[in-house]
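Read off the chains here:
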Amino acid sequence: MKQEEQEKRLFKLIIEKANDAIFILPASGFFCFVNKQACKLTGYSKSELMSLSFFDVIYKPDQEKVQQRHKQRMQGKKPPDTYEIRVLTKTRSIIPVEIRVSLIKWKGEPASLALVRDITENVRIREALKERVKELHSLYELEKIARSTQDIKRICQALVQEIIPMSMGFPRKVNVEVSIYNHKFKRFKKRYKQAIKAKIKQNKQTVGWIRASYPKENLFVRVIEENLIKNIANRLSAFLERKQANQKLAEVKKQWEATVDNLPQIVCLLDKQARIIRHNRSLLNWKIRKTSKDKNYNGLNFLQVFHPLCKVKKCQLKKFWKLAWQKALNGESNESEINDFSNNLIYSIRIHPLKYVDLIKFKQKKPAVVVIISDITERVRSRRRMLELFKYLGTVNRRISVLLDLAETRAKKKSKIYKLITESAKNLSQASASALFFKKEKQECFSLIQERGLKNIDQVKNCLYIKKIKVLSKLITKQERTQVTDKRTIKAFGWLKNIEHVLILPLKSEKALLGFVLLGFEDSSQLTSRELDFYEVFASQASMILTKIVNNSLLNSNNK
């Protein structure tokens, strides 16, 4: 009897301390047992929940699915035991949860044991990533079609038939309409009441609209989807304005000589000896030749005017000019980005040979080449900053995926879980080596459970004695994250070679220390404060998984 009472108390303690909400439901569906986390999730007290049915706290569209599966389970069938539903709280708020159900016996009668976990953050991240991918794909497809054709009708047909239906997620049922310049493009004749609409503007005036609608049962309107339609409308507006600008540019091409002086780029006409025949004002405005008081550089060598007194041994401009000039004389165009280290600027230089038709009006001095130079310093630097940002976002996405894989693991074997923890720790920040250690209760040491990336594995000691390594004794007392850069301490572990930085992450079950994850880095500058934040999340996730393993082993031993 005493043993049964102890087992009941232990079971009750584990249930009450669990991080997941736990419900026990008989065939009637009314609660016969709930834990504290269940009250916290639903907002009801224990007495209130015991007077309710489980289906009363489920969002109405999901009730039929849950009732059907509960009925099948009570009849001895095997419906899916893990799925996602939405819970309706006391304050009428909706929370997405993951439910895991198993059939048990409660007071001699069959009942369902339901473990319910709040997955609001996971759903938010998942949906945001899906919507972002759809948005980027649709905008890329629109830009690709706009570059390949200038026909607005073809672009609108592609939007109606392919781009928007695929991006909105319901390619067979979504209805898309585009109206532009009083021309309408439709996919289906039928129009649904639920719709998202955005205006198409040109020069701040509305010239059309885009309308996407769904049947009521498939509609789940989000702010991100509204932004998607708005972004597509904005891109279409930008295309119309760009097309209009190109038409205007074609009309004023005949007057380019009158307007070329107002261009920010340097434009020069050169003869076959690379002497300047004509140039615009930008060559003067850039003030390249500070020592010269001339207002006209006609007749001078272009390279001496644009890049005088260069003392750089391996000058990129001179090297490019030597090769490009010969190609230009042979009828080939050239374009390149050049770093001017003396002025700390970056140029885009284009060299185009002129055809005989263009040279008819130049009777005395015939120009052979036109040179166009743009200052792209800020553009290149912003592009580099953007690439660095994309790289950082890529590493953040990789780390989030590692943490999500760890949090959503359904592995049951201990060996697979240990392997997943060590690999996740190593991949989170490209560590050189990682190892998982468990604390032995009877002996004052930590035993090696799993490792990745350790060299000379045959010489690895399976146990680390606390008395020999002072860092481990501090770890037991403080139970905090520890960084080690002292070479003597690192050598004390015995098998960490070419390692300059060691990170120790404690794995805790409530207040007890289960063990730790050890990570080795070859470069001491690899770890930043942001990366340490990711490792804090990793340590908490790994601790939760290992706590479940320990609790399961305790239950199994007590049952035996």
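Residues numbered from 1 in each chain as written. Predicted model: local features only at pLDDT ≥ 70, side-chain atom pairs only at ≥ 80, totals over all residues. Heavy atoms only, no water.

(A) The overall build of the protein, seen in detail. Broken down by element type, the protein carries 16 helices and 20 strands. Put simply, the protein has 560 residues, and 40% of those count as buried. When contacts within the protein are restricted to residue pairs at least 6 apart in sequence, those whose partners lie at least 24 apart make up 49%. Surface exposure of the protein reaches about 35,300 Å², of which carbon and sulfur atoms provide 50%. (Helix = DSSP H or I, 4+ residues; strand = E, 2+ residues; numbered from the N terminus. Buried < 20%, exposed > 50% of the residue type's maximum accessible area, 1.4 Å probe, protein only. Contact = heavy atoms within 4.5 Å. Areas by Shrake-Rupley, 256 points an atom, 1.4 Å probe, with all protein chains shown as cover.)

(B) Structural detail: the side chain of Ser424. Inspection of the secondary structure puts Ser424 in helix α13 (residues 414–428). The residues touching Ser424, leaving out its near neighbours within four places in the chain, are Val402, Leu406 and Phe538.

(C) Looking closely at the pattern of salt bridges. Scanning the entire structure with this criterion turns up 8 salt bridges. The shortest N-O distance in the salt bridge between Glu337 and Arg383 comes to 3.2 Å. Highlighted residues: Glu337 in strand β12 (residues 334–340) and Arg383 in helix α12 (residues 377–407), separated in sequence by 46 residues. Classification of Glu337 as partly exposed rests on a relative accessible area of 40%. For Glu423, the salt bridge identified is with Arg452, shortest N-O distance 3.4 Å. Remark: Arg452 occurs in strand β16 (residues 445–452) and Glu423 occurs in helix α13; sequence separation between them is 29 residues. (Salt bridge = Lys/Arg side-chain N within 4 Å of Asp/Glu carboxyl O.)

(D) Highlighting the packing of aromatic side chains. Within this structure, the stated rule accounts for 13 aromatic pairs. Ring centres 5.5 Å apart and planes at 75° place the aromatic pair Tyr418 and Phe438 in the edge-to-face group. Of the two residues, Tyr418 is situated in helix α13 and Phe438 in strand β15 (residues 433–440); the sequence distance between them amounts to 20 residues. Note on Tyr418: relative accessible area 12%, which makes it buried. Owing to a relative accessible area of 18%, Phe438 belongs among the buried residues under this scheme. Here Phe437 and Phe516 contribute two aromatic rings whose centre-to-centre distance is 5.0 Å and whose plane-to-plane angle is 15°, an arrangement assigned as stacked. (Phe/Tyr/Trp six-rings, centres within 6.5 Å; stacked < 30°, edge-to-face > 60°.)

(E) Layout of a nonpolar patch on the surface. Taken together, the side chains of Met386, Leu387, Leu389, Phe390, Tyr392 and Leu393 make up a nonpolar region of the molecular surface, amounting to roughly 580 Å² of accessible area. If you trace the backbone, Met386 turns up in helix α12. In this structure Met386 comes out as partly exposed when scored by relative accessible area, which is 47%. (Patch = residues over 30% accessible without salt bridge, like charges linked within 9 Å, V, L, I, M, F, W, Y side chains within 5 Å.)

(F) Region of interest: the environment of Glu510. Counting through the fold element by element, Glu510 comes out in the loop between β19 (501–509) and β20 (512–521). Spatially, the C-alpha atom of Glu510 lies 8.6 Å from that of Thr547, the residues being 37 residues apart in sequence.

(G) How the structure looks around the environment of Leu269. Along the chain, Leu269 turns up in strand β10 (residues 266–270). Its relative accessible area of 9% is what places Leu269 among the buried residues. For Leu269 and His279, which are 10 residues apart along the polypeptide, the C-alpha to C-alpha distance reads 6.4 Å.

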